2 protein chains.
Amino acid sequence: MKIQQPRRSRIQNKNRNVILDAALQEFSARGFSGTTIDQIADAAGLSKPNVLYYFPSKEAIYRGLLVGLLDLWLAPLRELDAEGDPVEQILGYVRRKLLLSRDYPNESRLFASEVLHGAPHMTEVLSEDLHDLVAEKVSIIAGWTASGRIAEVDPHHLIFSIWALTQHYADFDVQVRAVMGEGPDPYAGAMIFLEHLFRRMLAP
Amino acid sequence: MKIQQPRRSRIQNKNRNVILDAALQEFSARGFSGTTIDQIADAAGLSKPNVLYYFPSKEAIYRGLLVGLLDLWLAPLRELDAEGDPVEQILGYVRRKLLLSRDYPNESRLFASEVLHGAPHMTEVLSEDLHDLVAEKVSIIAGWTASGRIAEVDPHHLIFSIWALTQHYADFDVQVRAVMGEGPDPYAGAMIFLEHLFRRMLAP
DNA sequence: GTCTATAGCTTGATAGAC
DNA sequence: GTCTATCAAGCTATAGAC
């Protein structure tokens, strides 16, 4: 179902985007309740009432962020192709998802925080859009295991493992850095590790 | 460094524990800022001023929770034994950690929320206690890879993978259930999947 | 130890001048 | 469209009776 987009002037769109960028920064760092409109306004370089001129409420900013980022977030899984080589398809998905964590850590933490607290703003999205997309890809993977082209693994848990392993580096970034200390970018080592892991796990 | 424990009467300890249990429930569900002392008081069956009779502030309750749960949280890793069979030691750790997620999901989400938001109350714990414990176990695992008893994997990333894969089922429980629908307990399938995964990954 | 009442502050949201 | 000023609600924490 398409939602009617209200028409907006150039300056409206620009300021709306400035606010959304600032809100992403603040919400991902301190959560919904931990963030004040004043902090968002400061980060956006606007006054608090001006922020509320573009969005009717703090909640509206938050919801606007979530829905605006959903496509970005589901894109890597959508690309999984039933016609490709199974192992390479899954490894490609792993790579895309890891790069998403590396390049969009705030977006990752925003979604993580939302889901962690029971996804009060995303319940229907999870049980509809996400559920259906996963169901489609699960049946592709189930076909690959049934025909023996990859090892017999539960497709749901395979997908969960990809989410968990890739998002960990963005969501728990502080912990990763505290444990590894000052060193090279964790993502390089992570990719080598994950490639080993998934090739071994999936070999027929 | 040992911290001096203040002496407390039986009723004091009982009420402190009631409050901490209630606080765990509330903080893990809505985060620190999203939780009010009133909600904690209600869940504990006490009045708000009475809660603040046992703890000087909301922050003190939160910190008391975190430090009180730390030992529980690190216990499974402490048990990893250099003298045991490498694969079985690592699989044992995976099992213990998965059971911890299943049996203590609120504790898992409390830590996850704290780390996700930059661990403002746990910075020193992460870079000291956790860092040192992990360093010790990393060197054990490094010994196993060097002697060829398990495959050559980066020990840090191996530990991260165990954390990520096990905690995912507790922390993102809503998402797991939304995707899998009404069905059997996800943890049974998870354990089968993880056993396959780690045996394949670690085989020399 | 436990309660009622409330002080004092922060915050989301609005009014209204420009 | 943007601002200053401000309202009204909700919150942490305390005072003080019992």
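Residues numbered from 1 in each chain as written. Chains lettered and ligands numbered in written order. Predicted model: local features only at pLDDT ≥ 70, side-chain atom pairs only at ≥ 80, totals over all residues. Heavy atoms only, no water.

As recorded in an unreviewed UniProt entry, chain A goes by the name TetR family transcriptional regulator, listed as coming from Paracoccus sulfuroxidans.

What follows is about the nonpolar core. Counting 134 residues, the largest nonpolar core has Phe-198 of chain A together with Leu-158 and Phe-198 of chain B as the members making the most contacts within it. Beyond its immediate chain neighbours, meaning those up to four positions away, Phe-198 of chain A contacts Leu-91, Val-94, Leu-158, Ser-161, Ile-162 and Leu-165 of chain A. Counting residues in each nonpolar core, the second largest holds 8 residues, with Ala-112, Val-115, Leu-116 and Phe-172 of chain A among its members. (Core = buried A, V, L, I, M, F, W, Y, C linked by side-chain atoms within 4.5 Å. Buried < 20%, exposed > 50% of the residue type's maximum accessible area, 1.4 Å probe, protein only. Contact = heavy atoms within 4.5 Å.)

Looking now at the relation of the copies chain B and chain A. A rotation about an axis combined with a shift along that same axis relates the two copies of the chain. Of the transformation superimposing chain B on chain A, the axial component is 0.0 Å and the angular component is 180°, with the fit at an RMSD of 0.0 Å. Considering both components of the superposition, the chain copies are consistent with a two-fold axis. Both copies present the same face, since 100% of the interface residues in chain B are matched by interface residues at the equivalent positions in chain A. (Least-squares fit on C-alpha atoms with pLDDT ≥ 70 in both.)

Below, the discussion takes up the domain arrangement of chain A. All names here are of chain A. As assigned here, chain A comprises domain 1 (1-56) and domain 2 (67-202). Between domain 1 and domain 2, the C-alpha centre-to-centre distance is 28 Å. A combined buried area of about 440 Å² lies between domain 1 and domain 2, and 69% of that area is made up of carbon and sulfur atoms. Our count for the domain 1 to domain 2 interface comes out at 0 salt bridges. Here the residues of the side of domain 1 that touches domain 2 sort into 2 nonpolar, 3 polar and no charged. (Domains from an automatic or database assignment. Buried area = accessible area lost by both parts, 1.4 Å probe. Salt bridge = Lys/Arg side-chain N within 4 Å of Asp/Glu carboxyl O. Nonpolar A, V, L, I, M, F, W, Y, C, P; charged D, E, K, R; others polar.)

As a further point, take a negative patch on the surface. On the surface, a cluster of negative charge is made up of Glu-124, Glu-128, Asp-129 and Asp-132 of chain A. Tracing the backbone shows Glu-124 of chain A in helix α7 (residues 123-146). (Patch = residues over 30% accessible without salt bridge, like charges linked within 9 Å, V, L, I, M, F, W, Y side chains within 5 Å. Areas by Shrake-Rupley, 256 points an atom, 1.4 Å probe, with all protein chains shown as cover. Lys, Arg positive; Asp, Glu negative; His and termini not counted. Charge placed at Lys NZ, Arg CZ, Asp CG, Glu CD. Helix = DSSP H or I, 4+ residues; strand = E, 2+ residues; numbered from the N terminus.)

In this section: the protein's contact with DNA strand D. Every one of the 17 residues lining DNA strand D counts as a neighbour, but Gln-12, Ser-47 and Tyr-54 of chain A together with Lys-48 and Lys-58 of chain B are closest to it. Sugar and phosphate atoms represent 69% of those atoms of DNA strand D found within 4 Å of the protein. The contact in question runs from a phosphate oxygen of DNA strand D to an N or O atom on the side chain of Asn-15 of chain A, over 3.3 Å. Asn-50 of chain A places a polar side-chain atom, nitrogen or oxygen, 3.1 Å from a sugar or linking oxygen of DNA strand D. Sorting the residues of the surface near DNA strand D by element identifies α1 (10-34) and α3 (48-54) of chain A together with α3 (48-54) of chain B as the ones contributing at least two each. For the surface near DNA strand D, the element with the highest residue contribution is α3 of chain A, accounting for 4 residues. (Near = heavy atom within 4 Å. Polar contact = N/O pair within 3.5 Å; in protein donor to acceptor, adjacent residues only side chain to side chain.)

Okay, unusual backbone geometry next. With the exception of glycine, most residues fall at negative phi, and the peptide bonds are largely trans. Residue and element names in this part refer to chain A. Within the chain, Ala-119 stands out as a residue other than glycine whose phi angle is a positive 50°. With respect to the element layout, Ala-119 can be found in the loop between α6 (105-116) and α7. Take Ala-119: its relative accessible area is 0%, and that puts it in the buried class.

Another point: the protein's contact with DNA strand C. Contacts to DNA strand C come from 17 residues, most closely from Lys-58 of chain A together with Gln-12, Ser-47, Pro-49 and Tyr-54 of chain B. Within 4 Å of the protein, the contacting atoms of DNA strand C are 66% sugar and phosphate, with bases supplying the remainder. At a separation of 3.4 Å, a phosphate oxygen of DNA strand C approaches a polar backbone atom of Thr-35 of chain A. At 3.3 Å from a phosphate oxygen of DNA strand C is found a side-chain nitrogen or oxygen belonging to Asn-15 of chain B. Put simply, the parts of the chain that give the surface near DNA strand C at least two residues each are α3 of chain A together with α1 (10-34) and α3 of chain B. Among the residues making up the surface near DNA strand C, the classes are represented as 7 nonpolar, 8 polar and 2 charged.

On to the interface of chain B and chain A, then. Interface size, as often reported, equals the accessible area lost upon joining of the parts. Counting residues at the interface gives 51 residues for chain B, matched by 51 residues for chain A. If you sort the residues of chain B by the area they bury against chain A, Leu-116, His-157 and Val-179 of chain B come out on top, with a joint share of 16%. Inspection of the region where chain B meets chain A yields 0 salt bridges. Summed over the shared surface of chain B and chain A, the number is 10 residue pairs in polar contact (both at pLDDT 80 or more). Mapped onto the side of chain B that touches chain A, the elements with two or more residues apiece are α1, α6 (105-116), α7 (123-146), α8 (155-171), α9 (173-180) and α10 (186-202) of chain B. Sort the elements by how many residues they give to the side of chain B that touches chain A and α8 of chain B lands first, with 11 residues.

A few words now on the packing of helix α5 (residues 86-103) of chain A against helix α8 (residues 155-171) of chain A. All names here are of chain A. Contact geometry of α5 with α8 gives a least axis separation of 8 Å together with a crossing angle of 30°. Judged by the inter-axis angle, α5 sits roughly parallel to α8. The hand of the α5/α8 crossing is right-handed. Of the residues in α8, those touching α5 at Ile-90, Tyr-93, Val-94, Lys-97, Leu-98 and Ser-101 are Leu-158, Ile-162, Trp-163, Thr-166, Gln-167, Tyr-169 and Ala-170. Of the residues that constitute the contact of α5 with α8, the class distribution is 9 nonpolar, 3 polar and 1 charged. (Axes fitted to C-alpha atoms, helices over the stretch in contact; angles between N-to-C directions. Parallel < 35°, antiparallel > 145°, perpendicular 65-115°, else oblique. Left-handed = near helix turned anticlockwise from the far one by under 90°.)

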